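Observations on the model geometry
Listed below, chain by chain, are the residues.
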Amino acid sequence: MAEDHLGPIERAFAQGTPIDQAVEAGVLTALKRHKQAGNPIAVWQNGKRCCIPPEQIPIDNTKD
């Protein structure tokens, strides 16, 4: 299907970049809020769920 036949939502998913940027911004916001509130985050490492304490949550401030 040609991209010029797509609606705005389908076009955004086909391009990917705006959605990827929005997801990255949302994740960064969530990480900052968890860290500020003193809450751990759950991540998947080596096939297992583990918790990262708030003082060890990595924040990439270069993407602000």
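This report concerns the structure included in the present document. (Residues numbered from 1 in each chain as written. Predicted model: local features only at pLDDT ≥ 70, side-chain atom pairs only at ≥ 80, totals over all residues. Heavy atoms only, no water.)

Here we take up the overall build of the protein chain. On a plain count of helices and strands, the protein chain comes out with two helices and two strands. Ordering the α and β elements of the protein chain from the N terminus gives α-α-β-β. With the C-alpha coordinates of the protein chain rotated into their principal frame, the extents come out at 50 × 30 × 15 Å. Residues classed as buried in the protein chain amount to 12% of the 64 residues present. For the protein chain, the separation between the mean place of its 7 positive charges and that of its 8 negative charges on side chains is 12 Å. (Helix = DSSP H or I, 4+ residues; strand = E, 2+ residues; numbered from the N terminus. Buried < 20%, exposed > 50% of the residue type's maximum accessible area, 1.4 Å probe, protein only. Lys, Arg positive; Asp, Glu negative; His and termini not counted. Charge placed at Lys NZ, Arg CZ, Asp CG, Glu CD.)

As paired strands, strand β1 (residues 41-45) and strand β2 (residues 48-52) are joined by five bridges and run antiparallel to one another. The residue bridging Trp 44 from the neighbouring strand is Arg 49, located in β2. Between the antiparallel neighbours β1 and β2 lie two residues, among them Asn 46 with a positive phi of about 55°. (Pairing = 2+ DSSP bridges.)

Attention shifts here to the environment of Ala 37. In this structure, Ala 37 sits in helix α2 (residues 17-37). Given the relative accessible area of 53%, Ala 37 is considered exposed. When the C-alpha positions of Ala 37 and Pro 54 are compared, they lie 8.2 Å apart, and in sequence the two are 17 residues distant.

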